[in-house]
Amino acid sequence: MGVLVDSQKEGFGSSWGGLKNLVRRKQVDCAHTKRLDNPQLAKELTIPHLVAVGVGSTIGAGVYILVGAVAREHSGPALSMCFLIAGIAAALSAFCYAELASRCPSAGSAYHYSYICVGEGVAWLVGWALILEYTIGGSAVARGISPNLALLFGGENSLPTFLARQHFPGLDVMVDPCAAVLVLIVTGFLCLGIKESALAQGIVTAVNVFAMLFVIIAGGYLGFKTGWTGYEVPTEYFPFGVDGMLAGSATVFFSYIGFDTVASTAEEVKNPKRDLPLGIALSLSICCCLYMLVSIVIVGLVPYYAMDPDTPISSAFASNGMQWAAYIITVGAVTALISTLMGSILPQPRILMAMARDGLLPSFFLDVNKHTQVPVNSTLATGIVASILAFFMDVSQLAGMVSVGTLIAFTMVAVSVLILRYVPPDEVPLPSSLQESIDSYMLRHNSDAQMINGENPAKSPGDPCLPLLGEKKVAVDCTVVEKLEALSSFTAGTLDEENRRKIASWTIMLICVGAFILTFSASNLWFSSLIRFTLCGAGGLLLLSGLVILTCIDQDDERHNFGHAGGFICPFVPLLPISCILINVYLLINLEVATWVRVSVWLMIGVLIYTFYGRRHSSLLNAIYVPKAHVDEIYRSSGAML
């Protein structure tokens, strides 16, 4: 087994070509990579900041509307069970995020993890999809704020003229100045500093949480007063069956999207190994509890079939003589939208900065303000684009595209956990500037290896044989038999490890294929029964076989040394990541065809940008890959500071 290898494993100096560029992987941030002239973000965030960011990004105004539609069409009185099951499904991804965020605490979130564990091509698509998610998501949220603000001021047309929506018949465009202004205000807050923006989001989130607590407490009082009439319906607890409840769970699953924003701030957390897992867990737990309590109360106040699908909470209180509660609920909806807007814009500048660090985007996005330590250029670019979209476009029809980026990211994070555990990267890319140090170290290492094997490194193959008795130094004093046994043992162990890694790699790939086949065939009813059941059986067999194989083989010992060791460890591997992959692929398959057509256009644009710019400017373009065990010695020999 060679001591030093390049990216092509064919000798030093050669570079990957063609499709092999897509699978080159970067190094986890460490003391060596910190020495480069990459600007660093301020480490200001603690657990309360992370909880404020996570809860604020997750709880949107959708919960004030979603409960009515899901209860009427899917769950009935079992609405709280829908939120519980969806919360458990979201927790699977949260566990995966927690481990990777604590091990790789750098900007970029799922893009960063995919680049380290999977490869450059997949990482680019993940990052490109996340850019779409946050841009469209922020614009869609901003367009929803102005109607709710108008309700607080007396009605639909109560906003000042310069902020009110205006329709241009000739262009058939409905502009929304209020949405554009709100995006710019939020962008300004984010430019002040991560601590200040987290504090502002915490204040807005607190108002939203208080509004939800009002719904829970006041609604509970009304429920006990009226005898919980909503639960005294003649139908069963599951009027639409278990299938209906599961369909409702898939619908409300998207109300948990937002906790991944916590992972995007990993580089700005003071103690990432402890605070990031706790921040993610607390955010998700708080949101799940609030969702379930609100759903329990609202379904108990009004029978599920009589709920208003547009304003279920307000109408539930109005039917019990509390019309004034609509103002508090509207305040909660407005603050929920504002905090979600901040959570949508916050991660994107960090992803743009991370991609620019890796050379995949222009260095314009790399600039970090010296005083606020915020990626100002990326933040301003994000805010301006989102503001323009919010002003001109009705992006509600594009809202489904937000889910694609999230689910792709969730899926790749789960795959990354499997790779981390079973086949973590065993080679590290070093810059070509260290070529001389690498060559020098290779010569010394080969010389030492020859001495250990009883050879004379100073003797070339053409030299005459020198008597062993004439040598002044004997490097090894073991017998020939002992050396042969050691060499045989080493070779056998190396082959066994290589075989284990190959088996694990193929198994992870087959798990992804099996998840796609199973979910695709199960979701498409236009297949004939024979074809459908055959494909479902094949996909299920691949998934089950992969689970059994990964459970039986050993995990890689290097997983303990991957990244920043000592942080959170995802439990129930490989079962938990495989379940996460299956759930997210199922949700991806069941998105509308029109959504996939739009996303495909965006991804094709991303492929063109990567082909003509990112691939040629990647920081790994001329990297030299060496075994991980030799990296520290190479840096020491080059005189680099640890």
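Small disclaimer: the values here were computed from a predicted structure and weren't measured. (Residues numbered from 1 in each chain as written. Predicted model: local features only at pLDDT ≥ 70, side-chain atom pairs only at ≥ 80, totals over all residues. Heavy atoms only, no water.)

1. Here we look at the overall build of the chain
Item 1. Per the secondary structure count, the chain includes 22 helices and four strands.
Item 2. Here the chain holds 642 residues, and the buried ones make up 50% of them.
Item 3. Taking the intrachain contacts of the chain between residues at least 6 apart in sequence as the baseline, contacts between residues at least 24 apart amount to 85%.
Item 4. A total accessible area of about 28,900 Å² is found for the chain, and carbon and sulfur atoms account for 67% of it. (Helix = DSSP H or I, 4+ residues; strand = E, 2+ residues; numbered from the N terminus. Buried < 20%, exposed > 50% of the residue type's maximum accessible area, 1.4 Å probe, protein only. Contact = heavy atoms within 4.5 Å. Areas by Shrake-Rupley, 256 points an atom, 1.4 Å probe, with all protein chains shown as cover.)

2. Here's the deal with the packing of aromatic side chains
Item 1. Counted by the stated rule, this structure contains 24 aromatic pairs.
Item 2. Three or more aromatic residues joined by ring pairs form one cluster here, namely Tyr97, Tyr113, Phe259 and Phe410. (Phe/Tyr/Trp six-rings, centres within 6.5 Å; stacked < 30°, edge-to-face > 60°.)

3. Regarding helix 15 (residues 376-392)
Helical periodicity: at 3.6 residues per turn, an α-helix aligns residues three or four positions apart in one direction.
Item 1. With 17 residues, helix 15 ought to run about 24 Å at 1.5 Å a step, and its terminal C-alpha atoms sit 24 Å apart, in line with that.
Item 2. For helix 15, the complete set of buried residues consists of Val376, Asn377, Ser378, Thr379, Thr382, Gly383, Ala386, Ser387, Leu389 and Ala390.
Item 3. If you follow the buried residues of helix 15, they end up packed against helix 6 (120-152), helix 7 (177-192), helix 13 (325-345) and helix 14 (347-357). (Expected span 1.5 Å × (residues − 1).)

4. Some thoughts on the environment of Val23
Item 1. Tracing the backbone shows Val23 in the segment before helix 1 (31-34).
Item 2. Here the alpha-carbon distance between Val23 and Glu120, two residues 97 residues apart in the chain, equals 5.6 Å.

5. Brief notes about the confidence of the model for the chain
Item 1. On average, residues of the chain score 84 in pLDDT, and 86% of them reach the 70 mark or higher.
Item 2. Under a pLDDT of 50 for its full length, residues 1-16 has, in the predicted model, 46 contacts with residues more than four places off or in other chains.
Item 3. With pLDDT under 50 throughout, residues 459-491 is counted as low confidence; its partners more than four residues away or in other chains account for 12 contacts. (pLDDT = per-residue confidence, 0-100.)

6. Notes on the pairing of strand 3 (residues 427-430)
Item 1. Burial along strand 3 is two-sided: the face carrying Glu427 and Pro429 and the face carrying Val428 and Leu430 are both buried.
Item 2. The sheet contact formed by strand 3 and strand 4 (residues 624-627) spans four bridges and is antiparallel. Considered in strand 4, the bridge of Leu430 is made with Ile624. (Pairing = 2+ DSSP bridges.)

7. So, a nonpolar patch on the surface
Item 1. Side chains of Leu184, Leu380, Ile384, Ile388, Phe392 and Met393 sit close together on the surface and give an oily, nonpolar patch of about 540 Å² of accessible area.
Item 2. Sort the elements by how many residues they give to the nonpolar patch and helix 15 lands first, with four residues.
Item 3. Inspection of the secondary structure puts Ile384 in helix 15.
Item 4. With relative accessibility at 45%, the residue Ile384 sits in the partly exposed group. (Patch = residues over 30% accessible without salt bridge, like charges linked within 9 Å, V, L, I, M, F, W, Y side chains within 5 Å. Salt bridge = Lys/Arg side-chain N within 4 Å of Asp/Glu carboxyl O.)

8. With respect to the nonpolar core
Item 1. Counting residues in hydrophobic clusters, the biggest one holds 165 residues, and the most contacted among them are Tyr64, Tyr97, Ile298, Ile313, Phe317 and Leu341.
Item 2. Take this core: its biggest share by element is 16 residues, from helix 16 (residues 400-422).
Item 3. Two domains each provide a minimum of three residues to this core, namely domain 1 (50-424) and domain 2 (498-555).
Item 4. If we ignore the near neighbours within four places in the chain, the residues touching Ile313 are Val63, Tyr64, Val67, Val215, Val294, Ile298 and Ile329.
Item 5. One finds Val428, Leu434, Ile438 and Val626 within the second-largest nonpolar core, a separate group that totals 10 residues. (Core = buried A, V, L, I, M, F, W, Y, C linked by side-chain atoms within 4.5 Å. Domains from an automatic or database assignment.)

9. Re the pattern of salt bridges
Item 1. Counted by the stated rule, this structure contains 13 salt bridges.
Item 2. Close ionic contact of Arg500 with Asp556 constitutes a salt bridge, the shortest N to O distance being 2.7 Å. Within this pair, whereas Arg500 is found in helix 18 (residues 480-523), its partner Asp556 is found in the loop between helix 19 (529-552) and helix 20 (575-589), the two being separated by 56 residues in sequence. Judged on exposure class, the residue Arg500 and its partner Asp556 are both buried.
Item 3. What you see here is one network of salt bridges that share partners, running through Asp426, Glu497, Arg500, Arg501 and Asp556.

10. Comments concerning the packing of helix 13 against helix 14
Item 1. Put simply, helix 13 and helix 14 touch, their axes get as near as 4 Å, and they point 0° apart. Between helix 13 and helix 14, the crossing angle belongs to the class labelled roughly parallel. Of the residues in helix 14, those touching helix 13 at Gly343, Ser344 and Ile345 are Pro347, Gln348 and Pro349.
Item 2. Residue composition of the contact of helix 13 with helix 14, grouped by class: three nonpolar, three polar and no charged. (Axes fitted to C-alpha atoms, helices over the stretch in contact; angles between N-to-C directions. Parallel < 35°, antiparallel > 145°, perpendicular 65-115°, else oblique. Nonpolar A, V, L, I, M, F, W, Y, C, P; charged D, E, K, R; others polar.)

11. So, the side chain of Asp556
Item 1. For Asp556, a relative accessible area of 5% translates into the label buried.
Item 2. There is a polar contact of 3.1 Å between the side chain of Asp556 and the side chain of Arg501.
Item 3. Those residues in contact with Asp556 that lie beyond four places of it in its chain are Arg421, Tyr422, Pro424, Glu497, Arg500 and Arg501. (Polar contact = N/O pair within 3.5 Å; in protein donor to acceptor, adjacent residues only side chain to side chain.)

12. Examining the packing of helix 16 against helix 21 (residues 593-617)
The angle between the axes and the distance between the axes are what describe a pair of packed helices.
Item 1. One way to put it is that helix 16 packs onto helix 21 with a least axis distance of 9 Å and a crossing angle of 70°. By the angle between their directions, the pair helix 16 and helix 21 is classed as roughly perpendicular. The crossing of helix 16 and helix 21 is right-handed. Across from Gly400, Met401 and Val404 in helix 16, the residues of helix 21 making contact are Thr595, Trp596, Arg598 and Val599. (Left-handed = near helix turned anticlockwise from the far one by under 90°.)

13. With respect to unusual backbone geometry
Item 1. Note the cis peptide between Val573 and Pro574, where omega equals 15°.
Item 2. Within the element layout of this structure, Pro574 appears in the loop between helix 19 and helix 20.
Item 3. Here Ser109, not a glycine, exhibits a phi torsion of approximately 55°, which is positive.

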